[in-house]
Amino acid sequence: CWEVPHCSPDAAGWLAHRALLEARLPFRNFEISRNGLHGEIHHVSVCGDPIFNASGEFTGYQGVGRDITEQTQALEALQASDAFSVSILDSVAASVAVTDRAGMILRVNQSWLNFARDNSLEPGRPAAGTGVGSSYFSVCTDSSLATCGSDLTLRCGLKQVLDGSLPGIALEYPCHSPTRQRWFMLNVTPLGPQAQYGLVISRTDISHLKVTEEQLRIAATAFESQE
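The rules behind each value
- Residues numbered from 1 in each chain as written.
- Predicted model: local features only at pLDDT ≥ 70, side-chain atom pairs only at ≥ 80, totals over all residues.
- Heavy atoms only, no water.
- Salt bridge = Lys/Arg side-chain N within 4 Å of Asp/Glu carboxyl O.
- Helix = DSSP H or I, 4+ residues; strand = E, 2+ residues; numbered from the N terminus.
- Buried < 20%, exposed > 50% of the residue type's maximum accessible area, 1.4 Å probe, protein only.
- Pairing = 2+ DSSP bridges.
- Axes fitted to C-alpha atoms, helices over the stretch in contact; angles between N-to-C directions.
- Contact = heavy atoms within 4.5 Å.

Chemist: Would you mind going over the pattern of salt bridges with me for this structure?
Modeler: Close approach of charged atoms allows side chains of opposite charge to pair. Tallying each qualifying case throughout the model produces five salt bridges. With a shortest N-O distance of 3.8 Å, Lys210 and Glu213 are connected by a salt bridge. Taken together, the residues Lys210 and Glu213, both in helix α6 (residues 207–225) and three residues apart, mark about one turn of the helix. By relative accessible area, Lys210 is classed as partly exposed at 21%. Assessed through its relative accessible area of 45%, Glu213 is described here as partly exposed.

Quick look at the structure:
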């Protein structure tokens, strides 16, 4: 069967399979892909067991093959869609994280990873609670992101977006480092109708805007002080 033209497995895969056959061992879910008459690719999963006669001599294999073309094509389409989504996320300058309804981080883009690594207490390692599988809800506190003149906080806002009370939230907050003052804009939007799949959280550095605003305020004050 390995002499019939095929798309997969590769040479190493066939060698491993033939080693099982020569050892007279059963095999399970060995996948073979071949071109059809019209250029289409067919995928088959085969299982086999060795057969021995009454004298204990090996006489061959018996088994079954299952057409998994539709399943394989669906998986390939899903992987292509996932790669497409990753490419889009990574092209965004803002730091983006996607969570489920329980706040578990499902996906982050490269900008988010870079920020988590650059602002970690451990050099070269992302900050705790910022990676896939972490709970975003557990790292945000009610007091950390309160807006000026409002009692709206991030934790409260997240819950309201999830229950449909708010279509989304936008919060400005300071996040100063030992070497510079920084401000960020945080936007939270539902993922799917009524946030049925979770939330999309994006964070944009607006420090340059805040510095410009302060310079304009100082300039305006100086201008108003003149006769």
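There is more to say after this.
Chemist: What should I look at first to understand the sheet that holds strand β3 (residues 58–67) in this one?
Modeler: Note on sheets: strands pair through backbone hydrogen bonds, and any given pair is parallel or antiparallel. Spatially, β1-β2-β3 is the arrangement adopted by the three strands of the open sheet, whose pairing is antiparallel. In this open sheet, the two strands that pair with only one neighbour each are β1 (27–35) and β3. Averaged over all pairs of adjacent strands, the angle between strand axes in this sheet comes to 35 degrees, irrespective of strand direction. Relative to β3, strand β2 (residues 41–52) runs antiparallel, the two being bridged by nine bridges. Counterpart to Cys47 in the pairing with β3 is Val64. Along the sheet, helix α1 (residues 11–22) contacts β1 and β3; its crossing angle with β1, the most-contacted strand, is approximately 135 degrees. Packing against the sheet, helix α2 (residues 69–91) makes contact with β2 and β3, and its axis sits at approximately 130 degrees to β2.

Chemist: Is there a simple way to explain the sheet that holds strand β8 (residues 198–205) in this structure?
Modeler: Spatial ordering of the open sheet is given by β5-β4-β8-β7-β6, a layout of five strands whose pairing is antiparallel. The two strands at the open ends of the sheet, each matched to only one other strand, are β5 (105–108) and β6 (169–174). Pairs of neighbouring strands in the sheet enclose a mean axial angle of 20 degrees, with direction left out of account. Relative to strand β7 (residues 183–191), β6 runs antiparallel, the two sharing six bridges. Of the residues in β7, the one forming a bridge with Pro174 is Trp183. With respect to the sheet, helix α3 (residues 110–118) is in contact with β4 (95–99), β5, β7 and β8, its orientation differing from that of β4 by roughly 105 degrees.

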